[in-house]
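Geometric and topological summary
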Amino acid sequence: MNRKSKVSRRERSEFLWGWMFLLPTMAGLIILNIIPIFQTIYQSFFKTGAFGKGNVFIGFDNYDKLFSDGTVWQALWNTCKYALVEVPFSIAIALVLAVFLNGKIRGRSIWRTIYFLPMVAAPAAVAMVWRWLYNSEFGLLNHLLRGTGLSGVNWISNPNIAFISVAIVGIWSVIGYNMVLFFAGLQEIPKDYYEAAQIDGANGISQFFTITLPLISPTMFFVTVTRVIGAMQVFDSIYMMMGKSNPALVKTQSLVYLFYKYSFIEGNKGYGSSIVMLLLMVILLITMIQMICQKKWVNYS
């Protein structure tokens, strides 16, 4: 009986300590994520009163307006275009860098730190630096172009290329984070596979496509899912780089930017909440498609 009581007391203690360690994370998840989701759903059925005070229940009127609002659909298309540029390029560049820096090269710790530095910098500061680099008159990029005899480019005021310029900032900012995740995946690949491939005469490129890519596919799937979610929520770079009078703003503003505009500038939090719900549904749909398609290319064995 004493032994059983000691075991049960130990199990109870481990159970309580486990919940104590989980409690801060669960509290943050509930307070910062779950509760705001239900508040947003609730708010989307209301219209904010005059001067931002009071709510009037209007049912599905916000959603009726949403589906007939061309600005919202243009913002959705802008968001998707941004994700289509940022996600594949940031993943591909980060993977190549991770493979190179995972090898035996001089100063690899320094290079890893350099590539990760953009993740440490504040997004607002990063956006402002790139805004000056993109400046059509005094920017470094146009200065270099003019130095080679070419004409300058309106990087962030040309509606046709502005979203690419913003996506480049996103790619540059997130490469270091993706690279660290790929490092973790590369460490799990047994070195024996590469040694056997070298004995069989396989070169580095063959090893990359036949060993590295298949075995790092779970990490790549995780990075892809998280980057798509992050890219669909782009806001800070657009807000900091694109002025209100910028002719390219209509072609670059994202759904999150529209949410900010309607909720905090125009004071219509109900309509802003409905825009967020549209974004949530799009992200859930894309994530569901990724979860279904992963079975065809992710190798967990």
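Parameters at a glance
- Residues numbered from 1 in each chain as written.
- Predicted model: local features only at pLDDT ≥ 70, side-chain atom pairs only at ≥ 80, totals over all residues.
- Heavy atoms only, no water.
- Helix = DSSP H or I, 4+ residues; strand = E, 2+ residues; numbered from the N terminus.
- Rg over C-alpha atoms; globule rule 2.2 N^0.38 Å.
- Buried < 20%, exposed > 50% of the residue type's maximum accessible area, 1.4 Å probe, protein only.
- Contact = heavy atoms within 4.5 Å.
- Areas by Shrake-Rupley, 256 points an atom, 1.4 Å probe, with all protein chains shown as cover.
- Lys, Arg positive; Asp, Glu negative; His and termini not counted.
- Charge placed at Lys NZ, Arg CZ, Asp CG, Glu CD.
- Axes fitted to C-alpha atoms, helices over the stretch in contact; angles between N-to-C directions.
- Parallel < 35°, antiparallel > 145°, perpendicular 65-115°, else oblique.
- Left-handed = near helix turned anticlockwise from the far one by under 90°.
- Nonpolar A, V, L, I, M, F, W, Y, C, P; charged D, E, K, R; others polar.
- Disulfide = S-S within 2.5 Å.
- Salt bridge = Lys/Arg side-chain N within 4 Å of Asp/Glu carboxyl O.
- Core = buried A, V, L, I, M, F, W, Y, C linked by side-chain atoms within 4.5 Å.
- Phe/Tyr/Trp six-rings, centres within 6.5 Å; stacked < 30°, edge-to-face > 60°.
- Lys NZ or Arg CZ within 6 Å of the ring centre and 35° of its normal.
- Expected span 1.5 Å × (residues − 1).
- Bend = angle between axes of the 7 residues up to and from the residue.

**Here's the deal with the overall build of the protein chain**
Helices and strands together make up the secondary structure of the protein chain, namely 13 helices and two strands. For a compact globule of 301 residues, the expected C-alpha radius of gyration is about 19 Å, and the protein chain comes in at 24 Å, more than 25% above that figure. Taken along its principal axes, the extent of the C-alpha atoms in the protein chain is 80 × 65 × 35 Å. Within the protein chain, buried positions represent 37% of all 301 residues. Excluding contacts between residues fewer than 6 apart, the proportion of contacts in the protein chain whose partners are at least 24 apart in sequence is 66%. As displayed, the protein chain offers around 18,600 Å² of accessible surface, 68% of which is attributable to carbon and sulfur atoms. Charged side chains of the protein chain number 24 positive and 13 negative; the gap between the two group centres comes to 6 Å.

**Remarks on the packing of helix α10 (residues 217–232) against helix α13 (residues 269–293)**
Two elements in contact, α10 and α13, have axes whose closest approach is 10 Å; the angle formed by their N-to-C orientations is 165°. Regarding the angle of α10 to α13, the classification is roughly antiparallel. When you trace α10 past α13, the crossing you get is right-handed. From α10, F221, T224, V225, V228, I229 and M232 reach across to α13, where they touch L279, V282, I283, I286, T287, Q290 and M291. When its residues are assigned to classes, the contact of α10 with α13 shows ten nonpolar, three polar and no charged.

**A closer look at the state of the cysteines**
Evaluation of the coordinates by the stated rule reveals zero disulfides. Lacking any disulfide linkage, C80 is separated from the closest cysteine sulfur, that of C293, by 16 Å. Residue classification places C80 among the partly exposed positions, given a relative accessible area of 22%.

**So, the pattern of salt bridges**
For the structure shown, the criterion picks out one salt bridge. A salt bridge links R227 to E86; the shortest N-O distance between them is 2.7 Å. Of this pair, R227 sits in helix α10 while E86 sits in helix α3 (residues 70–101), placing them 141 residues apart in sequence. Note on E86: relative accessible area 1%, which makes it buried.

**A look at the nonpolar core**
The biggest cluster of nonpolar side chains holds 62 residues, and the ones touching the most others in it are V72, F182, M242, L255 and I275. With 13 residues, the single largest contributor to this core is α3. Beyond its immediate chain neighbours, meaning those up to four positions away, I275 contacts L66, V72, L255, L258, F259 and Y262.

**Here's the deal with helix α12 (residues 255–265)**
Among all positions of α12, only L255, V256, Y257, L258, Y262 and S263 are buried. Residues of α12 that are buried make contact with α3, α10, α11 (236–241) and α13. Positive phi shows up at G267, right after α12, with a value of about 75°.

**Brief notes about the packing of aromatic side chains**
For any pair of aromatic rings, geometry is given as the distance between the ring centres together with the angle between the planes. Enumeration according to the criterion identifies 21 aromatic pairs in this entry. Taking the centre distance of 4.7 Å and the plane angle of 45° together, the rings of Y42 and F46 count as tilted. Look at F235 and Y239: their rings are 5.4 Å apart centre to centre, the planes differ by 20°, and that puts the pair in the stacked class. Look at Y239 and you get partly exposed, because its relative accessible area is 37%. The side chain of K81 reaches across the aromatic face of F163, ending 4.3 Å from its centre.

**Here's the deal with the packing of α3 against helix α7 (residues 162–187)**
In the contact formed by α3 and α7, the axes pass within 6 Å of each other and the chain directions differ by 40°. Judged by the angle between their axes, α3 and α7 are oblique. Judged by the twist between their axes, the crossing of α3 over α7 is right-handed. Looking at side-chain class alone, the contact of α3 with α7 contains 21 nonpolar, three polar and two charged residues.

**Considerations on α7**
For α7, built from 26 residues, the straight-helix expectation of 38 Å at 1.5 Å per residue is met to within 8% by its first-to-last C-alpha distance of 38 Å. At V174, α7 shows its largest bend, some 40°. When you tally the buried positions in α7, you get 19 out of 26 residues, the bulk of the element.

**With respect to the side chain of S273**
Relative to the assigned elements, S273 resides in helix α13. A relative accessible area of 5% places S273 in the buried class. In this view, S273 contacts T40, Q43, S44, F259 and S263; residues no more than four positions away in its chain are not counted.

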